[in-house]
Amino acid sequence: MATQTLPLPARAWLSRTAVRRWAWFTLAVLIVVVLEGAVVRATSSGGGCGNHWPLCNGEVFPHHPRVATVIEFTHRSLTGFSSVCVLLSVIATFLVTPPQHRARRASVFMGLFLIGEALLGAVLVKFGLVENNTSTLRVVMQSVHFTNTLLLLAATTLVAVWLGPVFDDGTPTPALRRATWTALAAVVLTGATGSLAALADTVFPSPDLRTALAADFAQHSPLLIRMRWMHPAAAALATVAALLMVRQLQRIGHARGARFLAWNIAAQIAIGILDVVFLAPISLQVLHLLSADMFWVALVATSARILPWVIHDVADSSGFPGQHVSGASVSP
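Residue numbers run consecutively from 1 along every chain, following the written order of its sequence. Residue-level local features of this predicted model are given only where pLDDT is at least 70; pairs of side-chain atoms are given and counted only at 80 or more, and the full residue set underlies all totals for whole chains, interfaces and linings. Values reported for side chains reflect all heavy atoms of the structure, with hydrogen atoms and water molecules removed beforehand.

**Examining the packing of helix α8 (residues 230–251) against helix α9 (residues 255–277)**
Quick note on the threshold: Interaxial angles span 0 to 180 degrees and are taken between N-to-C directions of axes, which are lines fitted to C-alpha atoms, for helices over the stretch in contact. The way it works is that DSSP assigns letters per residue, a run of H or I at least four long becomes a helix, a run of E at least two long becomes a strand, and they are numbered from the N terminus. Convention used here: angles under 35 degrees read as roughly parallel, angles over 145 as roughly antiparallel, angles from 65 to 115 as roughly perpendicular, and any remaining angle as oblique. Crossing handedness: left-handed means the near helix sits turned counterclockwise from the far one by under a right angle, and right-handed means the same turn made clockwise. By definition in these notes, contact holds between two residues if any of their heavy atoms fall within 4.5 Å. Charged means Asp, Glu, Lys or Arg here, nonpolar means Ala, Val, Leu, Ile, Met, Phe, Trp, Tyr, Cys or Pro, and polar covers whatever is left, Gly included.
Closest axis-to-axis distance for the α8/α9 pair is 8 Å, and the angle between their directions is 160 degrees. If you check the angle between α8 and α9, you find them roughly antiparallel. Taken as a pair, α8 and α9 cross one another with a handedness that is left-handed. Contacts from T239, A242, L243, M245, V246, L249 and Q250 of α8 reach α9 at G257, A258, L261, A262, I265 and I269. Taken together, the residues that form the contact of α8 with α9 break down as 10 nonpolar, three polar and no charged.

Below is the structure:
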């Protein structure tokens, strides 16, 4: 296949490779923010800054803070830094890609989901949906908040992947596409229910595993406890869907991607079981969330080369490197 090198655009000082690396860095920062948010929830520090937002107890920098204030303020500070990273990533992506490029579209969604994160965080704080609040509104907002978080991580992953070289892997089978969509939806459901299970473990800790399991199905248990079974059920569905996706990947010769997903699935199952057996200590909660985030990123990155709306890219005739032009592979 012929290889053609297109001329660099005028802004050659900003390479697509550099922007792609920045997108991956931004993704890493966002994952750190998510993990720190889990620490905020697990330590009941969500009210550490009072009901003030974006200020902390009415101040830019809190004076004589409590431990809860330090934890919440650290989370807000990291969120501010990640916001700058996302903004720079959006701007840089627009500078190194042509109009209608898929990375541009993903970066727009990345910015929108970041705004959604900020607004949802503000609602949680201003309405007191933090610490030991177990209202129905918090249950709903907790699920919506984490779902938005997953979508933010997905959009950032797509930006990083789509700024890289374009690979034409042929046309995936309908079975692979169905398995991929099912796996993506099932993992989002697992994440949403997992955020509720983690909240239940924090607000209503159990003395032992037997008591915890009995409480899940006791009529007198709080709503959060009685909803806890939904997470392992959703996780089982996600596991089956992901394994079907692995099988379909193997059938079309994507052995490397299949092995990568399979190892991620195994790690998730192992850490999830440990989290349940040891009654969800903070360290395991954070490790479980980290492995879940890594699995989600791996799933989205793999899906970027499978789903129909990402197989073909916009033909580039404007001097931007790294695109397919008239069936030729263009060097980045």
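Moving on, there is more to tell.
**Things to note about the environment of P232**
Note the threshold: Summary of the burial criterion: residues with accessible area below 20% of their type's maximum are buried, those above 50% are exposed, and those between are partly exposed, where the area comes from a 1.4 Å probe applied to protein chains only.
Locating P232 in the fold gives a position in helix α8. For P232, a relative accessible area of 48% puts it in the partly exposed group. Along the backbone, P232 and A197 are 35 residues apart, and their C-alpha atoms lie at a distance of 9.3 Å.

**Describing the state of the cysteines**
Where we set the bar: Note that a disulfide, as used here, is simply two cysteine sulfur atoms within 2.5 Å.
Within this structure, the stated rule accounts for one disulfide. There is a disulfide in this structure between C49 and C56, and the S-S distance comes to 2.0 Å. Classification of the bridge connecting C49 and C56 rests on its S-S torsion, roughly -80 degrees, and on that basis the disulfide is left-handed. According to the relative accessible area criterion, C49 is buried, its value standing at 0%. Residue classification places C56 among the buried residues on the basis of a relative accessible area of 1%.

**A look at the packing of aromatic side chains**
Operational definition: We call Phe, Tyr and Trp rings a pair once their centres come within 6.5 Å, taking the six-membered ring for Trp, and we label the pair stacked below 30 degrees between planes, edge-to-face above 60, and tilted otherwise.
All chains considered together, the criterion is met by four aromatic pairs. Seen from their ring centres, F61 and F73 are 6.1 Å apart, and the 65 degrees between their planes marks the pair as edge-to-face. With a gap of 12 residues between them, F61 in the loop between α1 (16–42) and α2 (67–96) and F73 in helix α2 connect regions that are remote in the sequence. The structure contains a cluster of three or more aromatic residues connected by ring pairs, namely W22, F25 and F81.

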